[in-house]
Amino acid sequence: MITSSAKRGTAELAILSVLERAPLHGYEIARRIEQQTQGDLHFTLASLYPLLYRMEQRGWIRGTWELSDSGRRRRVYRLTPLGKKKVSPLRREWNELVRALRRLTKVAHA
């Protein structure tokens, strides 16, 4: 059964997936998602930060203030143990959603 959270969770899965590789600040999260999807997924910072705050409140990620090489403060996000556990179920649900859409639309590649 595909939950409504899977349908809404695409952005969360994208963020968790890039943070799985390394801790990143918000701009870099958005840049990597866009780069790794070849521009198919794009987050403005105005849409990204509310997601990051919500994910932080859920305990999936943790943000800490760090100094960049240029001396500017920036918030760096990393996966928490709970966030690491959340990645696999989100991937499974998303996979089910894609399979269902392929059956429905007869599209070979989503």
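Computed from a prediction, not measured in an experiment: that's the story for all the values here.

1. Things to note about helix H5 (residues 81-105)
Link 1 in the chain: In this model, H5 (25 residues) spans 37 Å end to end at C-alpha, consistent with the 36 Å of a helix rising 1.5 Å per residue.
Link 2 in the chain: The complete set of buried residues in H5 reads Gly83, Val87, Leu90, Glu93, Leu97 and Val98.
Link 3 in the chain: Of the residues flanking the end of H5, it is lysine 106, one or two places downstream, whose phi is positive at about 60 degrees.

2. Quick look at the pairing of strand E3 (residues 73-79)
Link 1 in the chain: Bridge count between strand E1 (residues 24-25) and E3: two bridges; the pairing is antiparallel. By the bridge assignment for E3, leucine 24 is matched with tyrosine 77.
Link 2 in the chain: The pairing of strand E2 (residues 61-67) with E3 spans seven bridges and is classified as antiparallel. The residue of E3 that forms the bridge with leucine 67 is arginine 73.
Link 3 in the chain: Where E2 folds back onto E3 in an antiparallel hairpin, the turn is made up of five residues, including glycine 71, whose phi is positive at roughly 90 degrees.

3. A closer look at the sheet that holds E1
Link 1 in the chain: The strand order across the open sheet built from three strands is E1-E3-E2, with neighbouring strands paired in antiparallel fashion. Each end of this open sheet is capped by a strand with a single partner; those strands are E1 and E2.

What counts and what doesn't
Residues numbered from 1 in each chain as written. Predicted model: local features only at pLDDT ≥ 70, side-chain atom pairs only at ≥ 80, totals over all residues. Heavy atoms only, no water. Helix = DSSP H or I, 4+ residues; strand = E, 2+ residues; numbered from the N terminus. Expected span 1.5 Å × (residues − 1). Buried < 20%, exposed > 50% of the residue type's maximum accessible area, 1.4 Å probe, protein only. Pairing = 2+ DSSP bridges.

The values reported here are purely geometric and, on their own, carry no functional implication.
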